[in-house]
Amino acid sequence: MLNRPSSRLSRGLSLVALAVALALPAHAQEQPSDGGDAGVEKRGRITPFNGAAMPEGAETGDKSNAAPGKKPGDGTAPSGGVGVFDRMGAELPALPAEKPFAGKVDEAYGAFQRGYYLTAMDLALPRAQLGDPAAQTLIAEILQQGLGVVRNPQQAAFWYGQAAEKGDPAAMFKYALILMEGRYAKRDRKKSDDLMKKSADLGNGSAQFNYGQTLVADNPGPKGLKLAMPYYEKSAEQGIADAQYALSQILVNVDGIEESKRARAREWLIRAARAGFDTAQLDIAIWMIEGIAGDRNLEDGFGWMRRAAEGGNVVAQNRLSHLYVNAIGTRPNPVEAAKWYVLSRRAGLKDDALEDFYLGLNEEQQKQALSAANKYRRS
């Protein structure tokens, strides 16, 4: 939602998966023989490399047995089969040379990334005490999360503050939240806003989203949304789902946005939905069904609605029931419709139209719907 300031770190960094492609085995081609089996389908020759047992009396593919003057592969001698390495396909190009790393290796962060938190603490603490902002931030993270040590948010706040003063963007963001909350450090809204803006301007994606939220809260209406939009855009590009969702809403609902940007509204909403943001999943379902910011796609809209409902979004559960009743993007299914209605009703969402539908079912259908709803809650 655009009007709720967020004091939590938005969804984290995405992990990039490295894919290794294996070439498909090449198919051997045999030359047609002069025998009487011209009409018989040719089959691949069994070789010692493909895992099959050699038939009795069959050729082994040993080139030393070839007739004198005849070379395997030139059509004058039988094929000796295809070796395992030949079956791997074309030779892969050489890997590019590694670029030399000229920077200083951070052993403390290396230990942290491998899960050796106490080692990371031991390596980082002397540096932190000497004023290294990266080490101070690392110490703060370990203490804040209680990684290998007793959780100590107050000491974490101290180290975040030290690192923030020295310009570490991540520490600036975390300490801004601490100052905003006022629990482990004296509440200071002005300093919190200043640090949040500095962290955002230095490229921290979470700070960019949160500073955008601050601008919206301090400047109600379209003015605040337009002021926040550049920060939402930068944060969205870094994969922050909250920013992607907020940006999609601005692009559709605020006047005066250039059309090239407005055309990306559905793209941003889909990216937020794919990140697991259930409100985005609900909205993209509605957009696709109603044709908002793009063409109608009832089947995909139904799919997103079901995904949001299965994730526990109560409004999506209610809307999914309507889709089943009216056969929108799916076939009619009264039992499924009743199941999702029961779940949304139990969560406190009243719907007179669905109540009338439910009461119109026969006793067996109601029993099946209640059983399905109960099983869903236990799963």
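All of these numbers come straight from a predicted model, not from anything done at the bench.

Procedures and definitions
Residues numbered from 1 in each chain as written. Predicted model: local features only at pLDDT ≥ 70, side-chain atom pairs only at ≥ 80, totals over all residues. Heavy atoms only, no water. Axes fitted to C-alpha atoms, helices over the stretch in contact; angles between N-to-C directions. Helix = DSSP H or I, 4+ residues; strand = E, 2+ residues; numbered from the N terminus. Parallel < 35°, antiparallel > 145°, perpendicular 65-115°, else oblique. Left-handed = near helix turned anticlockwise from the far one by under 90°. Contact = heavy atoms within 4.5 Å. Nonpolar A, V, L, I, M, F, W, Y, C, P; charged D, E, K, R; others polar. Buried < 20%, exposed > 50% of the residue type's maximum accessible area, 1.4 Å probe, protein only. Salt bridge = Lys/Arg side-chain N within 4 Å of Asp/Glu carboxyl O.

Structural notes on the packing of helix H11 (residues 265–274) against helix H12 (residues 278–290)
No. 1: Running from N to C, H11 and H12 point in directions that differ by 140°, and their axes come no closer than 8 Å. Accordingly, the angle class assigned to the pair H11 and H12 is oblique. In this structure, H11 meets H12 at a crossing whose hand is left-handed. Contacts from Ala265, Arg266, Leu269, Ile270, Ala272 and Ala273 of H11 reach H12 at Ala280, Gln281, Asp283, Ile284, Trp287 and Met288.
No. 2: Of the residues belonging to the contact of H11 with H12, the class tally is 9 nonpolar, 1 polar and 2 charged.

Observations regarding the environment of lysine 191
No. 1: With respect to the secondary-structure elements, lysine 191 resides in helix H6 (residues 189–201).
No. 2: The exposure class of lysine 191 is partly exposed, given its relative accessible area of 30%.
No. 3: For the pair lysine 191 and tyrosine 175, spaced 16 residues apart in sequence, the C-alpha separation works out to 9.7 Å.
No. 4: What lysine 191 contacts, discounting residues up to four positions off in sequence, is Glu165, Tyr175 and Leu179.

Quick look at the pattern of salt bridges
Two side chains carrying opposite charge are able to pair once their charged atoms lie near each other.
No. 1: Evaluation of the coordinates by the stated rule reveals 15 salt bridges.
No. 2: Here lysine 261 ties to glutamate 233 by a salt bridge, and the two come within 3.3 Å at their closest N and O atoms. Highlighted residues: lysine 261 in helix H10 (residues 259–262) and glutamate 233 in helix H8 (residues 222–237), separated in sequence by 28 residues.
No. 3: With a relative accessible area of 32%, lysine 261 lands in the partly exposed category.
No. 4: With a relative accessible area of 21%, glutamate 233 lands in the partly exposed category.
No. 5: As a salt-bridge pair, arginine 264 and glutamate 237 come within 3.7 Å of each other at their nearest N and O atoms. Remark: glutamate 237 occurs in helix H8 and arginine 264 occurs in the loop between H10 and H11; sequence separation between them is 27 residues.
No. 6: Because the salt bridges share partners, they merge into one network encompassing Glu237, Arg264, Glu267 and Arg271.

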